[in-house]
Amino acid sequence: MSNLLVTSGNKSTWGKNEKIFFLGEWCLDLNNLSHLENRKYEVLKYHWRDFNKLSKDYQYLDDLNEKLLIALMNKLNKIHKCNYTIRQWRIVIGVFLYHFISITWDRYESLKLLFNENNIDQTYIFDGNIDNLTSRDFDEFDYVIRTHNWNFIFIGDIIKRKFKNKIKKFTLIRENNISLKKREPLDYGIKFFLKKLYDKVLGIFNKKFKVVFSEHYLDFISLLKISFSLKQIPRYHYEFKKVFKSYDNIMNRDKIKLDIKTDNDFEQLVCDIIFRYIPQSYLENFKNINIYTKTINIQTRAIYTAIGHLHNDVFNIWTANQLNYNAKIFVSQHGGCVQPKLNGNFFHQEKISDIFLVWHDKFKNNHHKISANKLLKLKNKKYFYNKSKYLTIIGYEGFMYTCRAQSTLNCAFMKYEIKDSINFYHRLQKKIREYTKFRYGNYSSGEGWHNSKERIIRILGKDVISNTNNLLSAFKNSKMLVCKYPQTTFSEALNSSIPTILLFDNNYWKFNEFFNEAINILKEGDLIFYNSQDAANHINKYWDNLDDWWLSDKTINARKKFISICSYNSENWLEEWKNFFNDNL
């Protein structure tokens, strides 16, 4: 029986009767598992199962990121006949760069490990023009890197360049049989268009701002209050929402090489292929976008964003140009809780910011702690759990494909996360299970995700799924919350005052040592559990009398201390925000 290497979840590459060697857990798409019922297969053990290796790789990739950024600055300045500084190019291409080198390293290391341990007879590979599959901008790139077809094409490209002699036979898949699934257009609805009309009318008369707020994660009332306190009219700035269509005349990207001294085979690979995959917004369409941003008639002393800098090329190019006018950049966390030891973005946000606004105690020089933007909208400040009856488990959903080097739960361990959630459910008393609901984000059924919601339904039935419209509705419908991951949702849950615990396996989450005190505080208040049995025992014990635990002095003090350290939200937030902007402009 021959050995077939399968590199993605595209079942058309799975052959017929061969023994399959899956490159990673990402190949095991839920919708295709039935095709494996009579097949022999193995899944490669993930190279980042070893945290020591992950830590070492992270440091290497962090250093390489800086090395490549300088090389890209020089090359792109030459191509575009401009003189952007390293900070300006970091703002424009930094998010793409740290994603790209992490993705390339992850797939490269997986292939290296596979071929070191196994003999492979054949694999499927893409035979077509990759230029036709170039992403329009980072938004589109960020979408396609989580799809099976993009990863099939990308991994095949690496194999052809670096591991071709490791495989005896290649079966070609023609271009007309492979297409990249593009992001579906958003259905904005009437509310969006009314906001856009409001914004456009104000934009005609209002050109000067102390602070431009863009993709800020502030609810409208909070934005209104902050804007009025700064003596300016609130706007959404939809100028930055403009989408530039794909450029038809693709440059000969294979001829563009980075001028850099490479230290190993991997670095040479990155230099050889990065311009094959870099979005058009940084090459063919950069000039058009740059010209457009200069027509945006906005004068400002500062720019504030919580998410625009992480995805919006038009916004980032405009922002980079504003540095020429000495505008300050205030980037805010778009979410917060206990920070991972390895954050996956190599502190990109701190590096582009004059001041980085954080929810937690500061541990970097340009951190500034301020009331959390995303928590200002929480109106649920009353203890009212006794009006509800449900235990809501807020599940973690992960990508099938790893896109960043970070010390959080990744695709290789998602199957254990599902198993843990189900074990926890079965360890609850029957009377509690009858009122237990699972909630996952709306993205959980898309390609590139683990499809955790559907996996739960197939095992426990659809009746265990929460039918609330959004997260805050789920909060209001809950007597108690169980958060399965130590990120933003846990901060929101604690600030909602609904009884909440955190349940996760600490083998898969490694935190910045700065937050050790916060973790210990959660332990003191019985707010954190590392195994499903202990968490279930706690809920079984207190379910009928949650006051005995939630309103005890020990737990109240723990909640207050943790919120103060990790998800700060002051009652005097408006004065605090006003003073921050006035003091730093």
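In the block above lies the structure referred to throughout.
Residues numbered from 1 in each chain as written. Predicted model: local features only at pLDDT ≥ 70, side-chain atom pairs only at ≥ 80, totals over all residues. Heavy atoms only, no water.

Some thoughts on the nonpolar core
Argument step 1. Of all hydrophobic cores here, the largest spans 168 residues; its most connected members are Ile539 and Phe562.
Argument step 2. Among the nonpolar cores identified, the runner-up in size contains 20 residues, and Tyr236, Tyr304, Trp573 and Trp577 belong to it. (Core = buried A, V, L, I, M, F, W, Y, C linked by side-chain atoms within 4.5 Å. Buried < 20%, exposed > 50% of the residue type's maximum accessible area, 1.4 Å probe, protein only.)

Considering helix α5 (residues 189-205)
Argument step 1. The end-to-end C-alpha distance of α5 is 26 Å, a good match for the 24 Å that 17 residues give at a rise of 1.5 Å each.
Argument step 2. Buried within α5 are the following residues: Phe192, Asp199, Leu202 and Gly203. The buried residues of α5 occupy an angular sector of 105° when the element is viewed end-on, so they sit on one face. Looking at α5, the residues exposed on the side facing more than 90 degrees away from the buried face are Ile190, Leu194, Leu197, Lys200, Ile204 and Phe205. (Helix = DSSP H or I, 4+ residues; strand = E, 2+ residues; numbered from the N terminus. Expected span 1.5 Å × (residues − 1). Arc of directions from axis to C-beta.)

Side note on the packing of aromatic side chains
Argument step 1. Across all of its chains, the model carries 54 aromatic pairs by this definition.
Argument step 2. Ring geometry for Tyr58 against Phe346: centres 5.0 Å apart, planes inclined by 50°, an arrangement best described as tilted. A residue pair is termed long-range when its members are at least 10 positions apart, and Tyr58 in helix α1 (residues 51-80) and Phe346 in the loop between β8 (328-332) and α10 (348-352) qualify at 288 residues. Each member of the pair, Tyr58 as well as Phe346, carries the same accessibility label: buried.
Argument step 3. When the centroid spacing of 6.1 Å and the interplanar angle of 55° are considered together, the rings of Trp577 and Phe581 count as tilted. A residue pair is termed a helical-turn pair when its members lie 3 or 4 positions apart in one helix, as Trp577 and Phe581 do in helix α20 (residues 573-583) at 4 residues. (Phe/Tyr/Trp six-rings, centres within 6.5 Å; stacked < 30°, edge-to-face > 60°.)

Some words on the environment of Lys67
Argument step 1. Relative to the assigned elements, Lys67 resides in helix α1.
Argument step 2. Residues Lys67 and Met400, spaced 333 residues apart in sequence, show a C-alpha to C-alpha distance of 29 Å.
Argument step 3. Residue contacts for Lys67: discarding those within four places in its chain leaves Ile260, Lys261, Thr262, Asp263 and Glu267.
Argument step 4. Engagement of the side chain of Lys67 in a polar contact is seen with the side chain of Glu267, the distance being 3.0 Å. (Contact = heavy atoms within 4.5 Å. Polar contact = N/O pair within 3.5 Å; in protein donor to acceptor, adjacent residues only side chain to side chain.)

Side note on the packing of helix α6 (residues 220-229) against α20
Argument step 1. The interhelical angle for the contact between α6 and α20, taken along N-to-C directions, is 45°, at an axis separation of 10 Å. The angle between α6 and α20 places the two elements in the oblique class. Relative to α20, α6 is oriented so that their crossing is right-handed. Of the residues in α20, those touching α6 at Ser222, Lys225, Ile226 and Ser229 are Trp573, Leu574, Trp577, Lys578 and Phe581.
Argument step 2. When its residues are assigned to classes, the contact of α6 with α20 shows 5 nonpolar, 2 polar and 2 charged. (Axes fitted to C-alpha atoms, helices over the stretch in contact; angles between N-to-C directions. Parallel < 35°, antiparallel > 145°, perpendicular 65-115°, else oblique. Left-handed = near helix turned anticlockwise from the far one by under 90°. Nonpolar A, V, L, I, M, F, W, Y, C, P; charged D, E, K, R; others polar.)

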